[in-house]
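Descriptive structure summary
Take a look at the letters that make up each chain.
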Amino acid sequence: MKPPGKTTLARMQRTAMLEAERIEITQDYWVKDGRISAPEPHLVERRDDFAGMVRMIDAINSDQDLLDRLKPRMAALAVDNAPATPAPDGEDGAADTGEASD
């Protein structure tokens, strides 16, 4: 599996919100359908964690000073965690440097 690519706070927030919603809808449906008697506690905790991520990103986005400090740090971490450039495979020695996401 390739390493994670670029993302944004908005994408992370939307993903967390959608996942929290998916867990809640699924658990509610399974209880209503009779497959389970109550929502599974570990999934409720996971839903709560995703909802917490949404609130945390809201808090970050509402504080311009924090946002200004966060962006350069995230960029620096992305450079530090970037995978090593693979050795060229082709006869011409050109390596694939295309960006996969964002």
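Residues numbered from 1 in each chain as written. Predicted model: local features only at pLDDT ≥ 70, side-chain atom pairs only at ≥ 80, totals over all residues. Heavy atoms only, no water.

1. Topic: the overall build of the chain
Looking only at helices and strands, the chain has three helices and zero strands in total. Along the chain, helices (α) and strands (β) appear in the sequence α-α-α when read from the amino end. Considering the chain as a whole, with its 102 residues, one finds that 13% of them fall into the buried category. Accessible surface computed for the chain: about 8,300 Å², of which carbon and sulfur atoms make up 55%. (Helix = DSSP H or I, 4+ residues; strand = E, 2+ residues; numbered from the N terminus. Buried < 20%, exposed > 50% of the residue type's maximum accessible area, 1.4 Å probe, protein only. Areas by Shrake-Rupley, 256 points an atom, 1.4 Å probe, with all protein chains shown as cover.)

2. Re the side chain of Q27
Looking at the element boundaries, Q27 is found in helix 1 (residues 9-33). Given the relative accessible area of 4%, Q27 is considered buried. Once residues lying within four places of it in the same chain are set aside, the contact partners of Q27 are I36, P39, E40 and L43. (Contact = heavy atoms within 4.5 Å.)

3. A word on the nonpolar core
Among the nonpolar cores identified, the biggest contains six residues, and these are A16, A20, I23, L43, F50 and V54. Listing elements by their share of this core, those giving two or more residues are helix 1 and helix 2 (41-62). Residue contacts for A20: discarding those within four places in its chain leaves R47, F50 and A51. (Core = buried A, V, L, I, M, F, W, Y, C linked by side-chain atoms within 4.5 Å.)

4. Some remarks on the confidence of the model for the chain
Per-residue pLDDT for the chain has a mean of 84; in total, 79% of the residues score no lower than 70. Ignoring residues within four places in sequence, the model shows residues 91-102, a span with pLDDT below 50, making eleven contacts including any to other chains. (pLDDT = per-residue confidence, 0-100.)

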